[in-house]
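Here are the chains, one letter per residue:
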Amino acid sequence: MNESAKTYSVPSEFLEASNIRAEQYASMYAASLADPEAFWGEMGCRLDWITPYTKVKNVSWDKNDLSVKWYEDGVLNVSVNCIDRHLDARGDKTAIIWEGDEPSDSHSYSYRELHREVCRFANVLKAIGVKKGDRVTLYMPMIAEAAFAMLACARIGAVHSIVFGGFSPEALAGRIVDCDSTVVITADEGLRGAKTIPLKANCDAACDIAANAGKPVAKVLCIKRTGGDVAWDTGRDVWYHEAVTSVSDDCPAEPMNAEDPLFILYTSGSTGKPKGVLHTTGGYLVWASMTHEYVFDLKEEDVYWCSADVGWVTGHTYIVYGPLANGATTVMFEGIPTYPDASRFWRVCDKHKVSLFYTAPTAIRALMREGDGPVNATDRSTLRVLGTVGEPINPEAWEWYFNVVGGGRCPIVDTWWQTETGGAMIVPLPGTTPMKPGSATLPFFGVEPALVDAEGNELSGATEGNLIIKQSWPGQMRTVYGDHKRFADTYFSAYPGYYFTGDGCRRDEDGFYWITGRVDDVINVSGHRMGTAEVESALGSHAAVAESAVVGFPHDIKGQGIYAYVTCVAGLEPDEALRKTLIQHVRKEIGPIATPDNIQFASGLPKTRSGKIMRRILRKIAENNFDNLGDTSTLADPTVVGDLIENRLNR
Ligand code: 6R9
């Protein structure tokens, strides 16, 4: 089917009021590539600078001399840009609407109240010894204090590293140790869909692991969320509600260089342990705020809601930094789309008069499965723009989102980007382009995408290849924390001089981009990146496992599921109990998001004579599509393939 034949024009009532039109996009885009210095020099003025920059761009993408700097002599503070500078005009405007897990539980904070909360939080951090440049790990539920903590770090120049609350103690400890973080902020328990998550207990376990690794955590700052019982280490643990009683409401903001680190966020790659993606201050905030404004056609009176978790990059850029830098009203949601029922998202939209809504394809698919009823039971007339992020959206889900949720009135913005890119990169700016279900359409300002073949030859016209980006943009990551060589090796060595995204992509005859998914050993489960190597290493750490190979397979709701092939140590007869044990083991090592959907025990894995596992074959078997396995003649033992097919689990 020629998918690109299906085109939707922007609904006319939207178009009439949209901030920018096709002609303006085209001329701004051309200007952004022709003279990046001039373009970004001007765009940097959207922020308040303590010392204005005189240099705009200083970038080398040579992998032996890799250096990315934007606005390098400018001085600013992110929390001032997200809060203080709005106080005169927007002091009483709502900055954050927090919607709790229970529909009866919500609270709003004006910009003035946000200022007070963040200053107090910053003073508590100072009181427990946090200084400029220190790394602070956040392991928190979706409560307003998570945003306060992020902004408080930014206010005093500390670097936050948020670890998603669904990660296990082992995964948390690995991230604490990697960035030498001696302070952790957590809560007693998290609450999601009426289930509690033992955050403090997990944090305690992580602190033990870190201490055993020679990196003891000095302070754990704990927010009381549920009031559940927690263990307490009086020398280490501090209750936030107690510490905050003795601090001032005002905290001067630390002047930061544009290239000082703002945050580290760990993300999975195709090899090794997760990488600490480092973002800095000036360029990141220009990118976060500008993309947020243009992608969502932001207007002063909008109520904007991104349903992500702050543990992921989407939560960083599009719940906290982008919206608040723009003086917008941003919703933070603690719960899940299906609690108390499958109408929850749309009830929250009605309750808070949400006009701009941003979620993930996996959530859309899960809700679509419940039928139109739960949507139709709600009003949704305030909605203007609907966004999606995290993985390719299948056209059926796109059309349901557009027609049923948006009633055909709201443009869909399918935003392609990555933890590494800081913000949206390929995206239909609403009002500037027709939409094609499943296509992220066209590049944002300053983004020069290209498709290359395996040898690095650039491909022209309508074609398919690996997606690279040809020039730097202000929001790009600056390094892998503590491992600049890994930054160079991962992103700048496959195609010298260019940034390699790790994604495959098709470009159609209209020049629209269609992301086809990862071309490396990264799988995308419900929009969450998971390195197959990470899951293999978790499996391999169990005494029963001799060897394992993990691949992704198509999954109706999650996009991709996790399929693991396991060979056991000699003499061990695998059974159902072992399968369950291994699943629990992976959950313990990484977290519930890494739970294998299938574990197939095998007597051997298909390997080349040089010992390389042929994942291509394993992927096909996991997809239940083994008629055309390709060339298997190079296998050391071709007979294992028959056994794998016979015992396959996805039929
Ligand atoms: C923001 C975020 C990045 C990977 C990326 C790609 C996939 C994200 C997408 C998309 C198709 C979209 N991805 N958005 N694929 N269409 N609109 O998700 O960051 O967690 O680092 O994942 O997600 O494969 O390379 P991150």
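Residues numbered from 1 in each chain as written. Predicted model: local features only at pLDDT ≥ 70, side-chain atom pairs only at ≥ 80, totals over all residues. Heavy atoms only, no water.

Per an unreviewed UniProt entry, the protein goes by the name Acetyl-coenzyme A synthetase and belongs to Litorimonas taeanensis. According to the UniProt record, the Cofactor (unreviewed entry) comment for the protein reads "Mg(2+)". The UniProt entry for the protein carries this comment under Sequence similarities (unreviewed entry): "Belongs to the ATP-dependent AMP-binding enzyme family." (UniProt positions renumbered as here; feature names shortened; annotations may be inferred.)

All right, on to the overall build of the protein then. A tally of regular secondary structure across the protein gives 21 helices and 31 strands. Expected size for 651 residues packed as a compact globule is a radius of gyration near 26 Å; at 24 Å, the protein falls within 12% of this value. On the principal axes, the C-alpha backbone points of the protein span a range of 75 × 65 × 55 Å. Within the protein, the proportion of its 651 residues that are buried is 61%. Within the protein, counting contacts between residues at least 6 apart in sequence, those at least 24 apart form 72% of the total. (Helix = DSSP H or I, 4+ residues; strand = E, 2+ residues; numbered from the N terminus. Rg over C-alpha atoms; globule rule 2.2 N^0.38 Å. Buried < 20%, exposed > 50% of the residue type's maximum accessible area, 1.4 Å probe, protein only. Contact = heavy atoms within 4.5 Å.)

Our next topic: the packing of aromatic side chains. A full pass over the atoms with the stated rule returns 48 aromatic pairs. For the ring pair F164 and W312, a centre distance of 4.7 Å and an interplane angle of 35° mean the geometry is tilted. Taken together, the positions of F164 in the loop between strand 7 (159-162) and helix 8 (169-178) and W312 in the loop between strand 16 (303-306) and helix 12 (313-325) put the pair 148 residues apart, joining distant regions of the chain. Comparing F164 with W312 shows no difference in burial state: the two are buried. Ring geometry for W398 versus F402: centroids 5.2 Å apart, planes at 20°, classification stacked. Highlighted residues: W398 and F402, both in helix 16 (residues 395-405), separated by four residues, approximately one helical turn. Classification of F402 as buried rests on a relative accessible area of 6%. (Phe/Tyr/Trp six-rings, centres within 6.5 Å; stacked < 30°, edge-to-face > 60°.)

Before going further, it helps to examine the UniProt feature "domain: AMP-binding enzyme C-terminal" (unreviewed entry) in the protein. When the UniProt feature table is mapped to this numbering, "domain: AMP-binding enzyme C-terminal" (unreviewed entry) covers residues 534-612. Taken end to end, residues 534-612 is 27% helix and 32% strand, and its two terminal C-alpha atoms sit 17 Å from one another.

As a further point, take the side chain of E99. With respect to the element layout, E99 can be found in strand 4 (residues 94-99). A distance of 2.8 Å separates polar atoms of two side chains, one belonging to E99 and the other to H352. With residues near it in sequence (within four places) discarded, E99 still touches D105, S106, M332, F333, E334, R344, V348, K351 and H352. (Polar contact = N/O pair within 3.5 Å; in protein donor to acceptor, adjacent residues only side chain to side chain.)

So, about the pairing of strand 21 (residues 449-452). Note on strand geometry: in a regular strand, side chains alternate between the two faces of the sheet. Residue alternation in strand 21 divides its side chains into two sets, P449 and L451 and A450 and V452, and both sets are buried. In this sheet, strand 23 (residues 463-469) lies alongside strand 21 in antiparallel orientation, the contact comprising four bridges. For A450, the partnering residue across the bridge sits in strand 23 and is I468. Pairing geometry for strand 21 and strand 22 (residues 458-459), over two bridges, is antiparallel. The partner of V452 across the bridge, within strand 22, is E458. Hairpin geometry of strand 21 and strand 22 is characterised by an intervening segment of five residues between the two adjacent antiparallel strands and by a positive phi of about 95° at G456. (Pairing = 2+ DSSP bridges.)

Once that is clear, we can look at the sheet that holds strand 7. Here we have eight strands laid out as an open sheet, ordered 12-11-8-6-7-14-15-24, and mixed in their pairing. The open sheet has two edge strands, strand 12 (237-239) and strand 24 (479-480), and neither has a second partner. Direction of pairing for strand 14 (residues 261-267) relative to strand 15 (residues 275-280): antiparallel, over a ladder of six bridges. Bridge pairing in strand 15 places T267 opposite K275. Seen against the sheet, helix 9 (residues 199-212) touches strand 6 (135-139), strand 8 (183-187), strand 11 (219-223) and strand 12 and runs at an angle of roughly 155° to strand 8. (Axes fitted to C-alpha atoms, helices over the stretch in contact; angles between N-to-C directions.)

Looking now at unusual backbone geometry. Residue P340 is bonded to the preceding Y339 through a cis peptide linkage, with omega at -5°. With respect to the secondary-structure elements, P340 resides in the loop between strand 17 (329-333) and helix 13 (344-352). Even without a glycine there, the phi angle at R380 is positive, about 60°. Summarising the element assignment, R380 is placed in the loop between helix 15 (373-376) and strand 19 (385-389). Judged by relative accessible area, R380 falls into the buried class, the value being 9%. Despite not being glycine, T441 has its phi angle at roughly 65°, a positive value.

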